[in-house]
Amino acid sequence: MTKNFALSLELPWVEKYRPHKLDDIVGNEETVERLKLLVEDGNMPHMIISGLPGIGKTTSIHCLAYELLGPELYQQATLELNASDDRGIDVVRNKIKQFAQTKISLPAGRHKIIILDEADSMTPGAQQALRRTMEIYSNTTRFAFACNQSSKIIEPLQSRCAILRYTKLSDEQVLERLLEVTKLEDVKYNSEGLQALIFTAEGDMRQAINNLQSTVAGFGFVNDINVFKIVDQPHPLVIKKILASCCSNKGGNIDEALELLDNLWEKGYSAIDIVTSSFRVAKTLPGISESKRLDMIKEIGFVHMRVLEGVSSYLQLCGLFAKLCDL
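Each chain carries its own residue numbering, running from 1 in the direction its sequence is written. In keeping with the model being predicted, local features are shown solely for residues with a pLDDT of at least 70 and side-chain atom pairs are shown and tallied solely at 80 or more, while totals for entire chains, interfaces and linings include all residues. Side-chain measures were taken over the full set of non-hydrogen atoms in the model, leaving aside hydrogen atoms and water.

The name given to the chain in an unreviewed UniProt entry is Replication factor C subunit 4, with Debaryomyces hansenii as the source organism. Note on the chain: under the UniProt heading Sequence similarities (unreviewed entry), the record states "Belongs to the activator 1 small subunits family." UniProt positions are given in the numbering used here, feature names are shortened, and annotations may be inferred rather than shown by experiment. One UniProt comment on the chain, placed under Subcellular location (unreviewed entry), says "Nucleus".

Draft legend 1. Fine view of the domain arrangement of the chain. Domain ranges listed in this record stem from an automatic or a database domain assignment. Domain boundaries in the chain define domain 1 (13–165), domain 2 (171–231) and domain 3 (236–326). Summarising the inter-unit geometry, the C-alpha centres of domain 1 and domain 3 are found 43 Å apart.

Draft legend 2. Inspection of the packing of helix 9 (residues 191–201) against helix 10 (residues 205–219) at higher detail. Think of each axis as a best-fit line through the C-alpha atoms, taken over the contacting stretch in the case of a helix, with angles from 0 to 180 degrees between the N-to-C directions. Helix and strand definitions here come from DSSP, where helices need a minimum of 4 consecutive H or I residues and strands a minimum of 2 consecutive E residues; each element is numbered from the N-terminal end. Where helix 9 contacts helix 10, the axes come no closer than 9 Å and their chain directions differ by 135 degrees. Classified by the angle their axes make, helix 9 and helix 10 are oblique. Once helix 9 is placed against helix 10, the crossing between them reads as right-handed. In this structure, helix 9 uses Leu197, Thr200 and Ala201 to contact helix 10, whose residues at the interface are Gln207, Ala208, Asn211 and Leu212. Here the residues of the contact of helix 9 with helix 10 sort into 4 nonpolar, 3 polar and no charged. Throughout, the term roughly parallel applies to angles under 35 degrees, roughly antiparallel to angles over 145, roughly perpendicular to angles from 65 to 115, and oblique to all others. What makes a crossing left-handed is the near helix being turned counterclockwise from the far one by less than a right angle; a clockwise turn instead makes it right-handed. Any two residues whose heavy atoms approach within 4.5 Å at even a single point are treated as in contact. By the convention adopted, Pro, Cys, Tyr, Trp, Phe, Met, Ile, Leu, Val and Ala count as nonpolar, Lys, Arg, Asp and Glu as charged, and the other residues, Gly among them, as polar.

Draft legend 3. Layout of the pattern of salt bridges. The working definition used for a salt bridge is a side-chain nitrogen of Lys or Arg within 4 Å of a carboxyl oxygen of Asp or Glu. This model, assessed by the stated rule, comprises 10 salt bridges. Across the salt bridge formed by Arg18 and Glu15, the nearest N and O atoms sit 2.9 Å from each other. Here Arg280 ties to Glu202 by a salt bridge, and the two come within 3.4 Å at their closest N and O atoms. Pair noted here: Arg280 is in helix 14 (residues 271–282) and Glu202 is in the loop between helix 9 and helix 10, with a separation of 78 residues, a long-range link. Through salt bridges with shared partners, one network takes in Asp23, Glu33 and Lys36.

As structure tokens, then:
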């Protein structure tokens, strides 16, 4: 008993506080309500849930399977395959087909469920092989696909499925769950720390909780400085100072902006970190006109594109801030 309890304490908080019922899922209320109706009806169609990472797609499917099948049958009547598993054409022909053929006594109207996580990374050949399997065994087995982009799933599979789209979680929803976890784990924090977690997570609940646990493990106290050290991103206040220098008076203060940039560069922050942080700060930078904000975002966007193409040099960043001063 003690050993099991110790093991449960060592679980990552993401797993420890993962919802097991649809009622516990945060955000996407309308889509979750549709899933609850499926539980009441008992007849689950083939489905595709698409959306950004860390917003509850796979968890929703597991909660749906758990409520449809009950705790006893949930383990033996569900098969989950992730992108980390080999999911080529052989797996579809062997593992998936074998599970679909397995006879399991289920209540009337219930089906075995095959969960294919990160389905958009399946090979086109494997997806093609699934078409016939889905049709032959649809009386006993239903498929649930979780993916980031439903467009990467071939049209024949899309036409066989109900498509549900999940949107990014709001800052309020992420904050609400973070406050629950901090209370249950007795975490010491301040409001700036929680704001930093929300800023860096960008609607990704999994990342927010992971960053919270990492900050607690590394520093014991959750404040903004500790959070940005853990996630290894430049502090938005420093970026805000750089952008404010570029916008100050006529022509901006390029010397001050480059001095602050030098400090960030010497600390080892990459060009992509500085550019993405600049974009997120520019969206809410106070005291500038809307037209100037649009011009700033456009310039940052061009540099972001060049950095992603591989030109992640210090010169690119200097050029960016020089152009912002010129605006």
